[in-house]
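# Coordinate analysis (summary)
Here is how the chains run, residue by residue.
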Amino acid sequence: MQKEISKKKIVVKDLNLFYGEFHALKAINMDIYEGEVTALIGPSGCGKSTFLKTLNRMNDLVEHVRVTGSITLDGNEILSDVDVVALRKRVGMVFQKPNPFPMSIYDNVAYGPRIHGIKKKSQLDEIVEKSLRAAALWDEVSDRLSKSALGISGGQQQRLCIARTLATEPEVLLMDEPTSALDPISTSKIEELCETLKKNYTIVIVTHNMQQAGRISDRTAFFLLGELVEYDLTERIFHRPRNEKTERYITGRFG
Amino acid sequence: MRRRRKMKDWILKSLIWFCSLLTVLFLVWMILYIVSRGLPGINWAFITTPYNLFRNQTGILPMIVGTLLLIVTTLAVAVPIGVAAAIYLTEYARQGRVVRMIRFATESLAGIPSIIYGLFGYIFFKNTLHLGFSVLAGALTLSIMVLPTIVRTTEEALLSVNPSYREGSLALGATRLQTLFKVILPSAIPGIATAVILSMGRVIGETAAVIYTAGSVAKIPAVDRLLTSSVRTLSVHLYMVALEEADFVSAFATATILMIIIALLNLLANRFARKITDRQGMA
Amino acid sequence: MKDVSVISQRKGLSYEKAIESVFFISALLMVLSVVLIFIYIFMEGVPPILKIGLGPFILGTQWTPTYTTPQYGILPMIMASLIGMMGAILVGVPIGIFTAIMLAEIAPRPVTRILKPAIELLAGIPSVVYGFFGLTVIVPFIRVQLKSPTGTGLLAMIIILAIMVIPTIVNITENSLRAVPKEYKEGSLALGASQIETIFKVTLPAAKSGILASVVLGMGRAIGETMAVIMVCGNIPKMPQSLLSTVSPMTATIAKDMSYAGPFHRSALFGIGVVLFVFIILLNLVLNLLVRKASR
């Protein structure tokens, strides 16, 4: 139960999001704790990915989006007057489909540090190696760093994307169904990776895979039709859900 | 009844084959006719000597230089503007009246006949801006003319860049501009190259818009007056020797050279186009 | 609750904003160009029309700008342009559509490999080269076979223009045929229709507005074409009597006369430019309607 006394990293208060007229997120209140893996589950279209993308303001890219309420990161409001670029450096994101840039493996990882002003080769080398090691990819690609990132397997590409995100030294790692496009072996590698990474990072992961949420997360949030139905320790959500809808969803999926 | 249906099918199918064949045969005929008469007239002297009717010199070196000058100047003006406009339209613009106006302008520019461009260049660049018959007047006129091609082709290239690259870069804390220059533009380079090649083809092939802006002086301009001198392009030359000098040896040779250049540019454009589709296949 | 959808501002962004406005201004340059072209052509071309009188200018049949009592009637040129355009469309459109059907629906791979680059090359060949080919092949052919005094004139012009509009027709028709949903074709085939019946009864009608758009674009090309026409039309601005009449369409007159025209004569040529421009604008309006219809 020591988890419950961890520090609150992100605090979401009364968050509403509209796509034009469509009310996509309804009065969400949620605390995300430092050093934990928080899983967001729910049927497609329930708002979990949308919610994830508000945490680093990627929704800014969508036209006609309106957000109200408050999200704080370490006590600082991120929804209003904030440097989104700096925010995204602190809150990194890994996407559903691996999206390495069409450049070499090395340049992919070095991309973030470079745009944030690091130019020295030795320093970049160090960051690249460290990030690739942290993403458990170093041993597989260290001999072909200058080869195109498009030439490695899907699972390796996804870990490369994680390494790329780690290279900007984020504090929070957002993952949007990171394993949905991968085979089981690559999936288990990414899951193991989450386990190690949470020592240094706060991880929020959207998944449609119930077992995955159960395996890797400390807390689970269940979304339905834009509402946060239930949010609790994963163990409780899976064994003693308080809400009937949560139970139906979970058992339905397991059944 | 069934036989009549089959008969009708057969007739239509024959027509389809016939028309396609006709198109190809016509092209082949044109190429063979012009090239077979033009090739004998092409030799080293023809492309490396000056042109002077009084001294009986019929070389086309000045036209080659003139065409190149016009191409380079036109591209130097049109490519940055066209690519920047395409970037605005795909990366920044939000749908609205301004964008509709810009799109309408692009379409209109594409539909204006070259002789109207010629008239406009004559009155505006040559007279109003006092550029005279010059490379600059010609290139500025042609720049407007090729802008729609550059904008559209670049836009297509930018739109075909995998959107996940954009997301990925922004999520790493890159600004929009960093994302544009480091990820999106590099991926769009084959498309932009296609735009450049297509524009080159148009500059080389254009006559009506060039003859009353860049003029038709068949001389290599002095080095210190490269942009302010009048030049004659290969196409204008073909027109002049065929219609005014009735020098058919030069005309066939010049037409052959034009055909070869256009064929090479087409090959090159296709190469880049294939590169784009390959890339998309991989992503 | 406060609305926070506004993206934040910060110092580093002012540089980004500056570059963004460079992009924006570049795009606006196109609008500016269109406006400038419009203004300059009309400013130069409308006064002479008013001086000559709209009626005598458009409906006059005598074009004698170099006479001591010059006349500026451009009806013969308008007729030549319109008949040339119609003729080119009449000949070029069926060939173009059939060729497009070949490319979009029928052609086996090897045929596509030849036909596609051939169409691209046809589209890329400079108009002077077309004109030169017309001058050296088609004009002599007409002179000898049809016993026309010069061989130049409407017929030669129509043949060359027909070939020149084919690539435009093929490309746009092919695209719109390809855009027809596969379900339509499958539905027709499943009912026992043959491939050819399906093409002509289902696919072509479904692609109708795209094909019409290609025809309108082809018309624009044909009426605006200058250099190819100037070399085969005969350059005599008389009312066309037959297909073998020597003529001088609007574009050819402008290009030909510009080289020696005096000041008022030149302004009158801009007047012809205005009339040509009006035709192009009308065609563009029709095109816009068609495209809007197609996208709906």
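Before going further, it helps to examine the domain arrangement of chain B. The parts lose accessible area when they come together, and the size of an interface is often stated as this lost area. Residue and element names in this part refer to chain B. According to the domain assignment, chain B contains domain 1 (2–40) and domain 2 (42–282). Between domain 1 and domain 2, the C-alpha centre-to-centre distance is 32 Å. Listed per partner, the contact involves 9 residues of domain 1 and 6 residues of domain 2. Both faces considered, domain 1 and domain 2 share a buried interface measuring about 660 Å² in area, 76% of it formed by carbon and sulfur atoms. When the area that domain 1 buries against domain 2 is broken down by residue, the three leading residues are Ile34, Gly38 and Leu39, summing to 56%. At the boundary of domain 1 and domain 2, one finds 0 salt bridges. Our enumeration of links across domain 1 and domain 2 arrives at 4 residue pairs in polar contact (both at pLDDT 80 or more). Here the side of domain 1 that touches domain 2 is built from residues that sort into 7 nonpolar, 1 polar and 1 charged.

So, about the sheet that holds strand β5 (residues 76–77) of chain A. Residues and elements named next belong to chain A. Within the open sheet, the 4 strands sit side by side as β2-β1-β4-β5. Their pairing is antiparallel. Looking along the sheet, the strands with just one partner apiece sit at the ends: β2 (22–33) and β5. Where strand β1 (residues 8–19) meets β2, 8 bridges bridge the pair, whose relative direction is antiparallel. Bridge pairing links Val11 to Asp31 in β2.

Residues at a pLDDT of 70 or more form 97% of chain B, whose mean pLDDT is 91. Model confidence for the complex: the whole-complex pTM is 0.85, and ipTM, which rates the interface, is 0.92.

Another aspect to go through is the pairing of strand β3 (residues 37–41) of chain A. Residues and elements named next belong to chain A. Burial analysis of β3 places 5 of its 5 residues in the buried class, the great majority of the element. Residues Val37, Ala39 and Ile41 line one face of β3 and the alternating positions Thr38 and Leu40 line the opposite face, and both faces are buried. Taken together, the 4 bridges between β3 and strand β8 (residues 202–206) define a ladder with parallel strand orientation. When the bridges of β8 are listed, Ala39 appears paired with Ile205. With 4 bridges connecting them, β3 and strand β9 (residues 219–224) associate as parallel partners. Each residue of the ladder has a partner; that of Thr38, found in β9, is Arg219.

Conventions we followed
Residues numbered from 1 in each chain as written. Chains lettered and ligands numbered in written order. Predicted model: local features only at pLDDT ≥ 70, side-chain atom pairs only at ≥ 80, totals over all residues. Heavy atoms only, no water. Domains from an automatic or database assignment. Contact = heavy atoms within 4.5 Å. Buried area = accessible area lost by both parts, 1.4 Å probe. Salt bridge = Lys/Arg side-chain N within 4 Å of Asp/Glu carboxyl O. Polar contact = N/O pair within 3.5 Å; in protein donor to acceptor, adjacent residues only side chain to side chain. Nonpolar A, V, L, I, M, F, W, Y, C, P; charged D, E, K, R; others polar. Pairing = 2+ DSSP bridges. Helix = DSSP H or I, 4+ residues; strand = E, 2+ residues; numbered from the N terminus. pLDDT = per-residue confidence, 0-100. Buried < 20%, exposed > 50% of the residue type's maximum accessible area, 1.4 Å probe, protein only.

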